[in-house]
Structures are given as C-alpha cells and as structure tokens.
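# A look at the structure
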Amino acid sequence: MRVVIAEDLVLLRQALCRILVQDGITVVAQVGDADALVSAVVSERPDLVIADVRMPPTFTDEGARAALILRERFPELAVVVLSHVVEPTLAMRLAADRPARFGYLLKDRVLDIDDFMAAIHRVMDGGTALDEHVVAHWLGGAPRAGPAALSAREREVLGLLAQGLSNVAISARLFVSERTVDSHLSSIFVKLGLPPSAEHNRRVRAALAWLRGETRANPDVRPDQPI
Amino acid sequence: MKGSVALRSAGAIVVLTTAAAAVSAYFAGFRYGGDAPVFVMTLTAAVLTTAGVGISLTDRSVARWLNLTAAALFAYLATIAAASWYAGVLGHRDLLARSLVGAAGAGYILAIALLQACFLAAVGRSATLLICYAAAFTLASVLLLPDAAFSGLEPVLHAPALESAIWIAALPWMASVLAGPIAAWRALARTRGAGRHRTLMIAVISLVPIGTVLFAALSALLALALDVMSPAIGETGQALAFGVPFVVSAAGLYGARFTGPEAVARTVTVVVGSLIGLVVVALSVVLGTWLGSGALLPIVIGTLGVAGTAAGVRRRVVRQLLLHTDPMRARAAALVHEAGAGGRAAPARTAQVVLADLDPRARLLLRLPQERGWADAEGNHHPEPGPGTSVPDADGRIHAHVRHTGDLDLDGVLAEVGMLIELAVLEAAVRDQEGRVAAERARADHAAAVERRRLERDLHDGVQGRLLALALELRMAQRELGDAAARLVLSDAVDRLSAAIEELRTLASGTAPEILTCEGLGAALIDLSHRMPVPITVTAPAARLPPETEAIAYLVVCEAVTNVLKHAHAGEVQVEVTRTGEYAVVTVADDGGGGADMRAGSGLRGLSERVSTAGGRLVVSDRRPHGTLLEVTLPCAW
C-alpha cells in the first residue's frame with residue numbers, strides 16, 4: 001500500500017511515517033505544503049493521502065482544499081484529513097455525499113496508534129472514519145423526532161455508524177452481539193425514515209445525510225407504524 | 001453734544017415758561033378749562049416727551065412727524081397761554097384775541113392728526129393727505145368756531161351757516177384716529193423677520209389714543225351717571241384723554257427702536273400698564289368723589305390689583321400677539337403642543353418635524369462637541385452645516401443650524417422649538433459620545449479577535465504540533481520497550497501530554513468567543529449548549545458580570561461539559577450561574593455515572609488550578625442517586 005503524507009511540521013510528519021512503516025505501509029512521499037501534495041499525488045499515484053488541514057503559506061485550510069481537489073480528480077484515492085481542532089462544518093463538507101474512502105480525524109487520535117491504524121485501514125478499504133467529536137456535534141444538533149426519538153443506545157449506535165465503524169466494530173465497542181447491533185440499526189433506519197440497506201457504505205452515507213438534516217422522513221414509512 | 005444739551009435745556013425752559021404763563025392765567029382768575037393746571041401739566045409733559053423722543057429717534061421719517069407733533073403741541077400750549085392772558089385776563093376783543101382764541105380752541109386737531117402721521121410713517125405709509133386735511137380743518141376751525149368760554153367773542157370769520165359744515169368736516173378727522181392702528185395691523189400681515197416685532201409694537205401703541213379717549217369718555221359717563229360730575233373731574237378727564245396718548249405713544253415709539261420679543265414685552269408693559277393705570281386713576285377720581293372719601297382707597301386697591309395681574313396678563317398678551325402676528329410661529333407652537341411630553345422625549349425628531357412642516361427640505365443640524373461636525377435628527381453626520389439659519393444658545397454660541405434654501409424666516413419658529421433644540425443638542429452630544437465609545441470598543445474587540453486568531457494559529461502550528469510529535473515518539477517508544485514498568489511510565493507520560501494538548505486547544509480556541517464579550521455569559525452558555533450533543537439547561541443572570549469573571553466562568557463550563565461528555569455518559573446537564581454579592585457561583589450538574597475525582601482526571605485538576613489562580617474555589621461532589629456536581633465560586637470584584 002502506497003501513502004503520501006502532507007504535514008508541515010517535520011517532527012510530526014516523521015513520527016507519522018514511522019507508525020505507518022511499522023505497520024507495513026509504504027510511504028512514497030512526505031511533503032510540507034498543499035502544492036507539493038498535489039504534485040506528489042500526480043506523480044506517485046498513491047492509494048492513500050494523509051493531509052494536515054492547515055499548511056503553509058496561510059495556515060487556514062490549504063490541506064482541506066487540496067483534499068477536495070484530489071478526491072474530485074482521483075475518485076479511487078483514499079484521503080484522511082488531520083486537524084488540530086474540530087471543525088464539524090468543514091468535516092461534513094469534505095465528506096459531502098461521498099463518505100467512502102474518506103477520513104477526518106483530530107490529530108491527537110494518532111496517539112492511540114491501534115485505533116488510528118484501524119481508521120486508516122478502514123478508509124483504505126473503501127470505508128469512512130469521522131472523528132467522534134464531529135459526529136457528536138451533528139448528532140447534538142440533529143432535530144429530535146418527537147415521540148419516535150431515538151433511545152440513548154440507538155443514538156450511540158448511530159454515532160458509531162456515522163464515524164464509519166462496521167457492525168463488528170460497533171458490537172465490539174459496545175460489548176454487545178452483532179445481532180443486537182443489527183436490530184438497533186434497522187430500528188434506527190425505520191425511525192428516521194431512511195431507506196433500509198444492507199450495504200455498509202450506503203448506510204453510513206444515509207446516516208451522515210440525515211445528520212446534516214438533508215434527508216426528511218420518508219412519508220411512506222411512519223415511524224410509529226408496526227413493521 | 002454740549003450745544004445740543006444746551007438747546008434742549010433752552011427748549012425745555014421755553015416750554016415750562018409758556019406752561020407757567022398758561023397756569024398763571026388760571027390763578028389770575030380766568031378759568032376756561034384749557035388753562036386748568038392738570039391739563040396744562042399733561043400737555044407740557046406731552047410736549048417735552050414727544051420733543052425728547054423726536055430728537056433722539058434715528059428713523060428720520062418718524063422723527064420728523066414726532067417733532068412736528070411736538071411743535072403743534074407747543075403751539076397749542078402757547079396759544080392757550082396767549083389767549084388766556086390776552087383775551088381772558090386782559091379782556092381784549094380785537095382780531096388778535098379772536099385769532100388766539102380760535103387757535104387755542106382748535107390746536108389739538110392738528111396735534112392728534114400728527115400723532116397718527118407718526119404711526120403711519122413708522123409702518124411706511126404716507127401721511128401727507130391726512131395732515132393736509134387736518135391742517136385745512138384746523139384752519140377752518142380757528143377761523144370759524146366760536147369758543148363758548150370766551151363770552152361775547154366772535155369767531156374770526158362770522159359765518160354761522162358754515163358751522164354745521166365744520167362739524168361734518170370733523171367726522172373724517174375723528175375717524176383718522178383709526179388710521180394708525182389700521183395701517184399698522186395691516187402692515188403686520190406683510191412684514192417679515194425682525195421688522196415684525198417693530199410693526200407689532202407700533203400696532204399696539206397706535207391703539208393707545210383710542211383707548212385713552214374711550215376710558216376718559218367712560219369715566220365721564222360714569223361721573224354723570226353717579227351725578228358727581230364736577231369741573232375738576234371734567235378737567236382731569238380732558239387732561240388724561242388728551243395728554244396721555246402723546247406721552248405713552250412717544251415712549252412706545254422710543255421703545256420700538258429695539259427689536260425682539262423682549263422689546264415687544266416692554267412695549268406691551270408700557271401700553272397695558274398705562275391704560276390700566278388710566279382706568280385706575282379715572283375710576284378712583286370718580287368713585288372717590290362719589291364715596292366722598294377722597295381718591296386714596298380706590299387708588300391703593302386699584303394699584304395693588306394692577307400690580308398683581310399685570311405680569312401674567314402681559315405675558316399672555318405678548319404671547320398671543322406674537323403668535324397672532326406670526327402664522328408660522330403659531331403653527332410651530334401648535335405642533336410642539338401636540339407633540340407634548342412625547343415630543344420632549346425625542347426632541348431632535350420633534351423639532352425636525354416642526355421645521356419640515358414649514359419647508360419640507362429644511363433640516364435641523366445639531367453641533368457636536370469638540371468641533372466634530374454636525375448631526376441631524378437621525379444621527380447622520382454632516383461635516384458642514386451648509387446654507388441656512390444659525391441657531392444660538394442662551395450664551396449666544398451657535399449650537400444648532402437649520403439647513404434650508406431661500407428666504408425662510410425662522411425667528412418665531414425657533415422661539416417655539418428653542419427648548420427642543422437645546423435638548424436635542426444635548427442628546428446628539430450624548431449619542432455621539434456613545435457612538436465613539438462603541439466604535440472604540442469594536443475596534444478593540446476586533447484587534448483582540450485578530451490577536452487571538454494569531455495566538456491560536458501559533459499554538460496549533462507550533463507548540464501543539466511539537467507536543468503531539470513528542471507524545472507520538474513516546475507512544476512508539478512505549479510499544480517498542482520490553483520493560484513493563486517503563487511502558488507504564490511512558491503511557492502515563494503520553495496521557496499527560498495528551499491532556500496538555502487538549503488544554504492548549506481549549507485555551508487557544510475557547511478562551512473568549514465573540515458572543516461572550518459581546519452578549520455576555522448567559523448568551524454564550526446558551527450558544528454553547530446548542531452545540532453540545534446532550535441537552536443542557538442554562539440558568540444565568542441577565543446582568544453582566546465583570547469580563548474576567550465571565551471568561552473564567554465560561555471556561556469552567558466548557559471544560560466541565562467536555563468532561564461530562566467524555567466520562568459521565570450523562571443524559572442531561574444543568575448549568576447554573578448565580579451571583580451573591582461579591583461572588584459568582586457556577587454549578588454544572590449531570591445525571592451520569594458520577595465518581596469524578598480531582599486526582600484522577602488531569603482535566604479537572606487543570607481546571608481547579610485555573611480557578612484558584614483567579615481567586616476562586618472548585619468543589620466536585622457526587623449527586624444522589626447518581627451524577628456529578630461541580631461547583632465553582634469566583635470573585636466578582638477585580
């Protein structure tokens with residue numbers, strides 16, 4: 001697996017590089033700004049890009065903008081964006097309606113190396129990795145759907161799903177069986193009026209779209225109707 | 001100047017000598033009314049006043065007529081003295097005696113017409129026709145009218161057939177007493193600006209002759225009705241009716257040199273005062289005679305009554321006259337009255353409305369302190385006042401300006417809205433000050449925000465990144481080490497570093513958001529609660545706390561809520577801020593798992609240190625049945 005790292009702070013970039021290398025990943029290029037990142041991607045054609053949101057020269061959102069361009073230009077390219085601060089709106093904009101092969105994580109997450117690597121692999125395998133702070137923000141701001149409001153457990157499951165975790169990972173995180181997670185998920189999708197789907201990526205996308213308030217309840221499926 | 005004084009003194013001596021000659025005939029035994037001391041005295045006073053005023057007036061046309069009046073009065077006085085002695089005391093009956101008696105009988109005709117000429121001249125009307133007629137009539141009277149007081153004395157021309165014609169010819173002359181008032185009151189309608197006050201004064205003064213004649217006639221009628229008519233009363237009445245108008249009119253014309261409402265007030269005081277005084281004197285004489293107790297009591301009572309009512313009456317009379325003569329002022333007064341207390345609450349707007357009523361394009365500009373230009377009623381700034389009328393304050397300094405084009409006379413209107421404008425100037429100054437303070441604060445806030453963003457960026461891209469890199473190195477070292485104890489130490493170190501990084505992030509991004517500085521703690525906390533994934537109830541006082549207290553309190557709640565979200569798995573959080581005297585108490589209560597310990601979490605420990613640095617105290621306790629209560633006490637006086 002071939003990776004390009006874009007991070008202006010050399011110390012951090014090297015440390016990141018070492019973690020990846022230890023995990024058997026090939027780092028084909030390390031760059032310090034957005035322009036170099038785009039060049040490196042064009043010349044090296046990596047499988048994954050890890051990019052800092054803020055980079056020289058203005059330290060605002062160069063990395064994020066480069067990530068948008070790259071995802072547009074290379075649909076097969078997996079992108080993980082790292083940020084010092086949680087910017088939920090930016091994260092959602094980047095994920096857009098194409099959360100597959102995308103990750104947005106707080107930089108501190110690298111300290112939990114196992115979780116971080118799991119997220120990297122998940123994104124590389126076509127999945128999603130959204131920072132829990134981002135999901136929590138959108139989950140907090142999401143409209144509460146009256147009597148059909150999700151139970152606390154269901155909100156938890158929805159949050160983990162939106163982060164990109166698989167059913168197995170969710171069940172491991174919550175110490176419950178996979179079957180239980182399954183039944184929670186189908187209940188959530190009915191309550192939110194989302195089209196049921198067995199495919200993980202489409203479920204994540206639906207969950208994110210709902211969190212952003214884009215999907216309105218499906219009038220054909222009343223949440224309070226027995227199924 | 002000396003010569004003029006000498007001339008005046010000589011003139012006065014001649015007049016007084018002539019008067020003495022007339023009175024001496026009375027005391028020599030010849031009494032026919034014209035030489036009665038009371039009449040001669042008022043006539044003398046009239047001569048001296050009209051001549052005195054005539055000399056000092058700068059208005060040439062009025063001065064000329066007034067001097068002519070004085071001359072006519074003096075001629076009248078002189079012929080009275082001459083006739084009394086020559087025809088009366090000495091008993092001559094020749095042509096000279098007949099001429100003198102004729103002149104003494106008709107002398108007042110021309111004098112009274114000349115007084116009207118003064119009024120006409122004062123309002124710019126020609127009096128030639130009137131005077132020609134009066135002169136002709138006087139001459140006819142001198143020649144044709146006999147005087148009953150001089151028994152057996154024939155007129156110069158003996159023509160009894162013409163006598164009735166003379167009486168008919170007298171009617172236009174009598175009506176001419178109305179010439180002055182009519183001309184003056186008509187002139188008011190077309191006079192504008194400062195001239196209006198003068199015209200108003202002339203109009204008021206011109207009523208004096210009519211008033212005095214009416215009062216004299218009424219008192220004579222009263223005397224007849226009470227059957228107390230006597231030569232003394234007759235003489236007094238005649239003296240008042242004839243002499244007083246000249247004295248008061250001359251004094252009024254002197255006062256009319258000045259302009260402005262004050263001069264009008266003074267003139268009205270003189271006129272109303274003398275008319276009322278006349279009523280008092282006339283009634284006192286008649287009633288005193290009737291009561292047989294002398295004139296003392298009625299005079300005292302009357303004078304007190306006049307003194308008591310004059311000021312109030314005068315103010316009302318002056319105001320009504322001013323409003324009557326100035327339709328724009330009357331309109332302004334009505335609008336101001338209509339606006340009432342509400343108008344005074346918004347003085348600039350009310351004054352602007354009144355002015356715009358006169359001229360839709362007129363705009364009131366209020367001078368701002370320290371040469372900061374001008375502000376209109378809406379608070380817009382104008383560097384220059386532009387063309388128009390300046391408005392001075394009580395000390396004569398220009399404190400406002402009415403911008404308008406063309407010839408707009410605002411004197412009367414400004415007198416009505418002056419108080420509003422004064423209030424508006426104060427209001428504009430205060431508003432200007434507030435605006436400057438707000439702009440200053442906005443600039444400072446903006447600078448602080450820019451500085452904060454710079455600091456935030458430096459922290460993220462510098463310190464935070466280095467710490468993170470270091471923590472990552474340690475983490476990798478921990479994984480590579482075989483020694484379990486060493487791994488534990490490194491793990492702890494990474495945790496501490498991680499906590500430090502998080503604290504740094506809070507510090508850099510969450511210290512004082514815009515909403516906290518602008519709208520206060522309550523608004524900032526409600527905003528925070530909307531951004532959190534669990535329901536948060538916020539209770540906070542509406543009043544602002546000191547900025548330092550608000551900043552710490554906000555930080556405390558941010559940290560506490562973050563902790564709750566991270567560790568407590570709470571379903572609900574309650575945040576409450578109360579202020580008790582010198583202290584503010586912030587409580588954050590959740591219904592989560594509880595068991596928070598200051599020693600365990602570095603977040604809580606860091607928070608506690610921050611609070612004690614600010615002079616406050618942090619206490620964490622478990623709630624029953626479950627949950628955590630964090631209570632922070634912060635000082636409010638810094």
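Below is a short write-up of the structure.

Cut-off values and rules
Residues numbered from 1 in each chain as written. Chains lettered and ligands numbered in written order. Predicted model: local features only at pLDDT ≥ 70, side-chain atom pairs only at ≥ 80, totals over all residues. Heavy atoms only, no water. Salt bridge = Lys/Arg side-chain N within 4 Å of Asp/Glu carboxyl O. Helix = DSSP H or I, 4+ residues; strand = E, 2+ residues; numbered from the N terminus. Buried < 20%, exposed > 50% of the residue type's maximum accessible area, 1.4 Å probe, protein only. 1 Å grid on protein atoms, 1.4 Å probe; cavity = no way out; pocket = protein on both sides within 12 Å on 5 of 7 lines; lining within 4 Å. Points joined across faces, edges and corners; volume = space filled by probe spheres on them. Nonpolar A, V, L, I, M, F, W, Y, C, P; charged D, E, K, R; others polar. Contact = heavy atoms within 4.5 Å. Buried area = accessible area lost by both parts, 1.4 Å probe. Polar contact = N/O pair within 3.5 Å; in protein donor to acceptor, adjacent residues only side chain to side chain. Pairing = 2+ DSSP bridges. Right-handed = clockwise from strand over helix to strand, strands pointing away. Patch = residues over 30% accessible without salt bridge, like charges linked within 9 Å, V, L, I, M, F, W, Y side chains within 5 Å. Areas by Shrake-Rupley, 256 points an atom, 1.4 Å probe, with all protein chains shown as cover.

Before going further, it helps to examine the pattern of salt bridges. Summed over the entire model, instances satisfying the criterion amount to 21 salt bridges over all chains. Salt-bridge contacts for Asp114(A) lead to Arg479(B); the nearest nitrogen and oxygen are separated by 3.0 Å. Taken together, the residues span two chains, with Asp114(A) in helix 5 (residues 113–124) and Arg479(B) in helix 15 (residues 411–480). Here Asp432(B) ties to Arg372(B) by a salt bridge, and the two come within 2.8 Å at their closest N and O atoms. Of this pair, Asp432(B) sits in helix 15 while Arg372(B) sits in the loop between strand 1 (363–367) and strand 2 (374–376), and the two are 60 residues apart along the sequence. Since its relative accessible area comes to 14%, Asp432(B) is described here as buried. Residue Arg372(B) is classed as partly exposed on the basis of its relative accessible area, which comes to 29%.

We now examine the layout of surface pockets. Residues and elements named next belong to chain B. Considering only enclosed or pocket space, the second largest pocket measures out at about 940 Å³ in volume. The set of elements that each furnish at least two residues to the lining of the second largest pocket consists of helix 3 (60–89), helix 4 (95–122), helix 5 (128–144), helix 6 (160–175), helix 9 (208–226) and helix 10 (231–255). A breakdown of the residues in the lining of the second largest pocket according to their chemical character gives 29 nonpolar, six polar and one charged.

Let us look at the interface of chain B and chain A. Counting residues at the interface gives 24 residues for chain B and 25 residues for chain A. Roughly 2400 Å² of surface becomes buried between chain B and chain A when both sides are summed, with 60% attributable to carbon and sulfur atoms. Among the residues of chain B in contact with chain A, Leu468(B), Leu472(B) and Met476(B) are the three that bury the most area, contributing 25% of the side total. At the boundary of chain B and chain A, one finds four residue pairs in polar contact (both at pLDDT 80 or more). When residues of the side of chain B that touches chain A are traced back to their parent elements, those giving at least two are helix 15 and helix 16 (484–510) of chain B. No other element matches helix 15 of chain B, which puts 16 residues into the side of chain B that touches chain A. Of the residues belonging to the side of chain B that touches chain A, the class tally is 10 nonpolar, four polar and 10 charged.

Now for the pairing of strand 2 (residues 26–31) of chain A. All names here are of chain A. Note: strand 1 (residues 2–6) against strand 2, five bridges, orientation parallel. Paired with Val4 across the strands is Ala29, a residue of strand 2. The parallel pair strand 1 and strand 2 is bridged by helix 1 (residues 10–22), and the resulting crossover is right-handed.

On the surface, a nonpolar cluster with roughly 410 Å² of combined accessible area is contributed by Leu218(B), Leu221(B), Leu224(B) and Met229(B). Considering the arrangement of structural elements, one finds Met229(B) in the loop between helix 9 and helix 10.

Residue and element names in this part refer to chain B. Structurally, Glu550 can be placed in helix 19 (residues 547–568). Given the relative accessible area of 2%, Glu550 is considered buried. A distance of 3.4 Å separates a polar atom in the side chain of Glu550 from the backbone nitrogen of Leu545. Discounting chain neighbours no more than four positions away, the residues touching Glu550 are Leu516, Gly520, Leu521, Arg544 and Leu545.

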